[in-house]
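So you can see what is in the structure, the chains are spelled out below.
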Amino acid sequence: MKPVSGERKSRKRPLSGTGFTPFIIRRLLTSILLVFGVTFIAFTITQLVPGDPVAANLGQSAYSDPEIVAAFEKEFGLDQPVPIQYAKYLGNLIQGDLGISLSSKRPVLEDLKEYFPATLEIALVAVFLALIVGLLLGIISAVTRDRLPDQIIRVFSLTGVSMPAFWTALTAFYIFFFVLGWAPGTGRLEPGGEPPPTVTGLFTIDSLIVGDFQTFKQAFSYLLLPAIVLAIYAIGVLTRFTRASMLEILGNDYVRAARAKGLPEVTVIRRHVLRPALLSIITVAGVAFSSLLAGSVLVENVFSWPGLGQYAYRAAVGLDLPGIMGVSMVVATVYITMNLFVDILYRVIDPQMRDSA
Amino acid sequence: MLLLMKKLKRSKNTNSIWRQPLAVVGILIILTWTILAIFAPWIAPYNPNSQDADKFLTPSAAHWMGTDELNRDIWSRIIHGARISLPYSLLLVALSATLGTIIGAISGYAGGKIDSVIMRITDVFFAFPGIVLAMAVAAALGPQIRNAVIAVTIVAWPVYARLVRGLNLNAKQNDYETAYAILGSSALRTLIVDLRPNLSGPVFVLASLEVGNALLLLSGLSFLGLGAQPPAAEWGSMVSMGAVNFDRWWVGLFPGLAILTAVLAFNFIGDSLRDALDPRTAKALRD
Amino acid sequence: MKLNFKSIASIALSTAVVTAGLVALPANAATKNLTVETVFQLTSTDPARSFEQTGNMINRTLYETLVTYKGGDASTPVPAIASKWKVNAGATEFTFTIDPKAKFANGKKVTSADVVFSLNRLKNIKGNPSSLMAGITVSAPNKSTVVLSTEKATPQVLAIVTSPALGILNSKVVKANGGTDADDASTTDKALEFLKGKSVGSGPYVLKSFNLTTEVVLEKNTKYWGAEKAGYDKIIVRNVPVNVQRLNVIKGTSSIAVDLSPDQASGVGSKVNVVTGKASNVFFFYLSQNSTFSEATKFTSDAKCVEAARYGINYNKIVRYAGLGAIQAPGIIPSFFSGALSKKNAIKQDTARAKTAFDACGVKDTPVSIGFWGDGGAVNGLNFGSLAALVDEDLRAVGFKTKLVGAPIAVSLPLYRDNKEEMGLWLWGPDWPDSTNYTESFSPGTKVGLRMGWAAGSDSVITDLQTKAATETDTKKRAALFTKWQKEMNKRSPLIPLVQPAAILVANKSVKGVQDHPIWKVNLSELK
C-alpha cells in the first residue's frame, strides 16, 4: 500500500536537457534501469533468506533421493553460484526469456501470459468503477466541503481504504453467492465452459471479438464480484484524491475570478476546476491500477480467480524464484510504464502544468 | 497511545484536532482496543485457547460471537488478538519510519550522487509489488509474526525516506541551515539535532496514517498463513478459518470487523492529523 | 410452478424434442457430462512426473497400468493391460502377459516395448515418483511379455505396478514428441509440454484440455478396447475451494465433491450420497532422537520423554476434531492394509503416567519446538495448524514448554527431512498400497526413521522384524510380522501415530459407482 503517486515527485527534479527527445530518451533509460533494479532487489532478497526451493517442488519420497535432487537442481540451474545464476537470468531476460517456473515446470512467460490477463480483466473493471464512483463522490465532497455530504463521503472513503480486502471478499462472497445466490461462484467460467479463442486473454473482450455473447455474459457475471471487491479500496483512494485536488484548485485566484465574472457554479466547477484536476486524477488512477494488480493476491485467493495474485502466492510459498521475479517484473513494468506515460503526457500537454499540478 | 495524545496536545493545531469528530471517534476506538488488549485476561470470558468437545457453536448468550472449529470462544480470541495485531503494527511502523527517516535524512543531507542512488533505490521499491516480496520473504523466513514484521518493513520504509528527504531539502534551503554550515556546525549535528524538530511532525503524521496499512498487510499475511502461528489468536488467521468454513459466517465475520474498526480508527486519526497540519506539509504527505 | 403460457409452451416444446430425440436419435443429443470438484494437487498429466492426488485420479483413467485394483479395494490386483501374470517363488521375478486386445486411443496395439519404454522413462526421468522403480529392472522377452525383476524378494512389486505413475504410454508418439527413456532422460526428456496437451494412453478417457489452476477436461475414448466403456462423454475436473465444493454439490452444479471434511459433509441434505471411507493418510507426531541437535533434543531423545508425550496426548479429542468416520491410528499402518493394528491396541491417554515419565526425563523448562506444515496446510479436511494446537495443549498440560513453528512446505519439509526439528507433526500417505511401505520407511535408519533422528542399529528387534517382513511371501506370516512390528514401534519408537481421518466423497445421486480409493481417490473410469 504505497502512496499512489510516489513517482510524481521525481517529475519535479530539474531536467538538464530541455528538448523533448532527450527527455523521452532519458526517461526511457531510467525506466529500463528501474526494471533491472527490480530484478536485482528481488533476486538479492530472495537469496538472502533461507529456504529450499528443491524441497518445495519435490515430494517427500523424491526429496530423499540425492540423485533426484541433483537432477532437479541441475535442470533449474540451482547448482550454480548465485552471482552466476543472476548473470544467466539477466542474459536470458534480454532475450525475452524469464526462465522456467519451479512449481509449474514451464516457462514463466507462458505462465504470465495465462495468468496476467485474468488479473488485468478484473483490475481494469475495478479501476473503471473506481474512476466513475470516485470522481463523483470526490466532486460532491469538494463542493459541499465540511457540510454533511462531505462528512459522510469522507467516512465512506476512509472505510473503503480501511477494509481488509480478504475479509471484504469473503463477506461479499458469503452474501451474494451463499445467501442470495446472485453471484455465480468461483473461477472465470462455468464448469467446462469453453474459453473464447485467445486474442487478448481477457475473456470478455475475446468473446466479443468472435461475437459469442453467451460466453461474454458468463465471463462478465463471473468477474463482476471480484472486480467490485477490488474496486472498493481504489474508490476510497480516488474519492479522497479528487476531493483534495479540487479543493486545491478551488482556492486558486482564477477560480475566484471566474466566480466573480458571474459564471454559473456548475460551469466554474466543470471548466475551471474539474478539467485541470482531471489529469492528476487520472495519474492517480493509473498508479492505483498497478497497485491493484499486486493487491489482487488476497481477493483472488477467496474467489479462486486464476490470476497473477494466485500465481504470486504459489510462487512465494514454493520459493519459486523465477516465478516471483516474473510477477514482480510484470507489476513493476506496468507501474513504471504508467508513470512514464503520464510524465510524457504532462510534458506534451503543458510543460508548465508540471509545476502547478 | 499516550505519546500520541501528548503529541496532539503539544501541536500548535491542537484546537482544530479536538474539534474534529472523526479524530475523537478514532481515539476512542483505539483507546477501547488498548484497554481490551491490556486487560485481556481479565476481560475475556474464556481462555482463548481452551478446547472442548463441541465445535462451531452459533453466537449465543454464552458465546457472543460463537466458537470456532476447536470450540474456542471467538470473542475471547478477538480480545486476545488485540495483543498481537496492535503492538506489532505499531512496531512495524516504528521500525520502517526509523529506517526510512535515517535513509531519507542521509539522502537529503548528502545530496549529489549518494542522494540520487538512494532515490533510485526507493524508486525501485515503489515500483516493486510489496506484497509479493513480503510473501516471499515471510515464506522463506518461516511464518512467524516477527518475520512478517521484518518482511513488511523491508517494503515499507521508502515512503518515509522520500518524505524526509523532501523535507530535508526544503529545510536546507532555509537560511539558518546555511548559516549553520558556514559557522562550521558538524554535519552530524545538523543532521540529527537541528533537523529533527522539523521532521518529527510530518513523519509522525505519516506514521499514524501508515499504522492502518501496516495492520492490513500484517493481517493479510496471516490470512494467507504467512504471519502469526497457531494457536495465536491473530485476527487475520482467524478470518482465514472463516474462509474455510464460510457457511459458519460468525467465524470470519467478527475478526474481520475487529480489523476494520482498528484500521478505520487509525485512519480517522491520521487523516485528521494531516488536515490539522499546515497545508504545505499536508500536501507533501498526500503525495 | 406457476403455469403460464411460456411454461406450457416450453413443456410442449421439450416434450416434442424428447420425443423427436427418441425417434430420430439426433447426433447432437445432449452430451452426458460429469463435473468433479477438488482442490488441485496437480503438476502435470505426465505419469512419469505426476505423484499428487489429483494427478493420480486423472492419470488412472487416461493411462492404464499392467494390473490395477477395482472399486475401493487396494489389496487384490485385477487385470488391466496385462491379462495374466505370475510371480516366482522368491518374489524376485514378475512376468506379465499383455492382453492382445489392448489398444491405445489412436488404435495402435500396446506392445511390450511400450511397457519397457514407459517404466524406464519413469525411472530415468528422476522425477517425483521415480523412486517407485528403485531396484526394479524391466525387460521384454517377446512382443507380448514383460518381466520385472528385483535383486531381493520384493512382494510389493504387484502393488507398485498399480500406481498411476506406472501408466503405459504409446512409446512411438512420445518419442516423436521429444520423449526418451534413456539414462539421461532427466535432462533430455522434453515430452512434458506435449503430454499436458494430449494423452497417449489406453484408458477409457482421453485428455481434452489441461490447465494447472482451473480445470482439466477429459473426453470419452471412442476406441476404448476394454469391456467397461466410459460412462460419460466428458469429465470436467475442476479446482474449487472446499467450501464452494460443498455448495456446488448440494445445488447440483457439480456431481462430486472430493475434499469435504466430515463436518462439511454433515447436513448436505438428501439429494446427494455421502460415501465415507478411511483415508490412507495417517497423521503422526514424533520426538527427535538426535540428541546432539539442540538443548531440547537432549531430552526428546530420552525414552521417558517420548513416553510422556505418547501418554500425554488426548487422542479422543483429536479424533473428535477429525470428525465422523475418523479413527485413532493404533499404529502407523492404515486400517485397510495387511497387519494393521486393531482398536484395542491403540494407546490411551494416561495423564498420570505421562506426568511421572515427564518428571523422569528432565526436560523441565527447556523450550521445545514443534514443526509442521503451517500456511493453512490441510489434508482430508484436517488443518495441520489446528492439529498442532490440539497436541500443543496436551503437551503443555504434561509440562512441556512447547512452541509451534509451522511453515510452508518449502521451509518446513527440509527441516523435517534433514532431521532439524525437535518435534514434528506430519502425515504419511502410502507410495504404494502395501504395508512394506511403512516398515521400509519408519524403522530405524530408514527414510522417516532418519528424519526422526533414529539411526540404524538403534533398535535391533524392530529392524529384525522389518527385514523379515520385507522378504516374507506368505500372506498370513507377513501380516503377523507387520502387527508385531507396529506393537514394538508403539513401545519404543519416537513415532506417535495420531489419527487416520475419514475420506469422504459427496456425490450427486445420479452418479453410480462412487467409491473411495486410497491411491487415486475415486476411479473416474468406473463412474456411470
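So, a few notes on the structure that sits alongside this text. On a predicted model such as this, the values are computed, not experimentally measured, just so you know.

### What about the environment of Val306 of chain C?
Residue and element names in this part refer to chain C. Along the chain, the position of Val306 falls in helix α11 (residues 303–312). Val306 gets classed as buried once you count the C-beta atoms within 10 Å, which come to 22. In this structure the C-alpha to C-alpha distance between Val306 and Gly323, which are 17 residues apart in sequence, comes to 27 Å. In this structure, Val306 is in contact with Leu287 and Pro494, ignoring residues within four places of it in sequence.

### What about the sheet that holds strand β5 (residues 93–98) of chain C?
Residue and element names in this part refer to chain C. In spatial order, the strands read β4-β5-β7-β6; together these four strands make up an open sheet with antiparallel pairing. Either end of the sheet is taken by a strand with one partner, and the two such strands are β4 (82–87) and β6 (136–142). Neighbour to neighbour, the strand axes of the sheet diverge by 20 degrees on average, direction disregarded. Bridge count for β5 against strand β7 (residues 145–150) is five bridges, and the pairing is antiparallel. Counted as the bridge partner of Glu93 is Ser149 from β7. The strands that helix α3 (residues 112–125) touches are β5, β6 and β7; relative to β6, the one it contacts most, it runs at about 165 degrees.

### Examining the interface of chain B and chain A
Counting residues at the interface gives 47 residues for chain B, matched by 50 residues for chain A. Elements that contribute at least two residues to the side of chain B that touches chain A include exactly α6 (112–127), α7 (130–141), α9 (158–173), α12 (196–223), α13 (235–244) and α14 (249–276) of chain B. When its residues are assigned to classes, the side of chain B that touches chain A shows 30 nonpolar, 10 polar and seven charged.

### What about the sheet that holds strand β11 (residues 256–257) of chain C?
Residue and element names in this part refer to chain C. Taken together, the seven strands give an open sheet; going across it, the order is β8-β9-β10-β1-β11-β21-β12, and neighbouring strands pair in mixed fashion. Pairing within the sheet leaves two strands with one partner each, and these edge strands are β8 (205–210) and β12 (272–278). Where β11 meets strand β21 (residues 502–508), two bridges bridge the pair, whose relative direction is antiparallel. Pairing of Ala257 across the sheet is with Val506, part of β21. Across the sheet, helix α2 (residues 53–62) touches β1 (33–38), β8, β9 (215–220) and β10 (234–239), and the angle it forms with β8 is around 135 degrees.

Criteria and cut-off values
- Residues numbered from 1 in each chain as written.
- Chains lettered and ligands numbered in written order.
- Predicted model: local features only at pLDDT ≥ 70, side-chain atom pairs only at ≥ 80, totals over all residues.
- Helix = DSSP H or I, 4+ residues; strand = E, 2+ residues; numbered from the N terminus.
- Buried ≥ 20, exposed ≤ 12 C-beta atoms within 10 Å, placed from the backbone.
- Contact = placed C-beta atoms within 7 Å.
- Pairing = 2+ DSSP bridges.
- Axes fitted to C-alpha atoms, helices over the stretch in contact; angles between N-to-C directions.
- Nonpolar A, V, L, I, M, F, W, Y, C, P; charged D, E, K, R; others polar.

Bear in mind that shape data such as this cannot, by itself, settle questions of function.
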